[in-house]
Amino acid sequence: MTIKALIAELKKHDPNRVVVMSSDGEGNNYSPLSSIHPVFYLPDTTWSGEIYNDDETEMPPGTKAALVLYPTN
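Please read all numbers here as calculations on a predicted model, not as lab measurements.

Criteria and cut-off values
- Residues numbered from 1 in each chain as written.
- Predicted model: local features only at pLDDT ≥ 70, side-chain atom pairs only at ≥ 80, totals over all residues.
- Heavy atoms only, no water.
- Helix = DSSP H or I, 4+ residues; strand = E, 2+ residues; numbered from the N terminus.
- Buried < 20%, exposed > 50% of the residue type's maximum accessible area, 1.4 Å probe, protein only.
- Contact = heavy atoms within 4.5 Å.
- Areas by Shrake-Rupley, 256 points an atom, 1.4 Å probe, with all protein chains shown as cover.
- Lys, Arg positive; Asp, Glu negative; His and termini not counted.
- Charge placed at Lys NZ, Arg CZ, Asp CG, Glu CD.
- Salt bridge = Lys/Arg side-chain N within 4 Å of Asp/Glu carboxyl O.
- Pairing = 2+ DSSP bridges.
- Axes fitted to C-alpha atoms, helices over the stretch in contact; angles between N-to-C directions.

Caption draft 1: Representation of the overall build of the protein chain within the structure. Secondary structure assignment for the protein chain yields one helix and four strands. Reading the protein chain from its N terminus to its C terminus gives the helix and strand order α-β-β-β-β. C-alpha atoms of the protein chain, sized along the principal axes, occupy 35 × 30 × 20 Å. Taking all 73 residues of the protein chain together, 16% fall into the buried category. Contacts spanning at least 24 positions in sequence make up 64% of the contacts within the protein chain whose residues lie at least 6 apart. Carbon and sulfur atoms form 54% of the exposed surface of the protein chain, whose accessible area is close to 5,600 Å². Charge centroids of the protein chain, computed over 5 positive and 10 negative side chains, lie 16 Å from each other.

Caption draft 2: Representation of the pattern of salt bridges in the model. By the definition in use, this model includes one salt bridge. With its nearest N and O atoms 3.2 Å apart, the salt bridge here joins E9 to K12. Note on K12: relative accessible area 61%, which makes it exposed.

Caption draft 3: Summary view of the environment of P71. On the secondary structure map, P71 appears in strand β4 (residues 64–71). Residues contacting P71, with those up to four places away along its chain left out, are S22, S31, P32 and S34.

Caption draft 4: Structural context of the sheet that holds strand β3 (residues 49–52). Spatial strand order, β1-β4-β2-β3: four strands in an open sheet with mixed pairing. The sheet is open, and its two borders are formed by β1 (18–21) and β3, each paired with just one other strand. The mean inter-strand angle of the sheet, taken between neighbouring strand axes irrespective of direction, is 45°.

Caption draft 5: Structural detail: the pairing of strand β2 (residues 33–43). Pairing of β2 with β4, which is carried by eight bridges, proceeds in the antiparallel orientation. Looking at β4, one finds that H37 is bridged to V68. Of the pairings in the sheet, the one linking β2 to β3 comprises four bridges and is antiparallel in character. Looking across to β3, one finds that Y41 is bridged to I51. Counted between consecutive antiparallel strands, the loop separating β2 from β3 contains five residues.

These values are about where atoms sit, not about what they do.
Structure below.
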């Protein structure tokens, strides 16, 4: 995904959503951005948590609207 495509996609969403990524922070691997999906996020710690889809009937207290960034691989 290009920066231009990323900006266009981000403009479709509430700018107050939290951004989460499906990857590790140690920089072990790199992959191009594949897609962005609106979800709800519940942090377990300052560095990880669980995501929930919009269609789930019950979400735990403390979930926040988020966008998850998925890599190609």
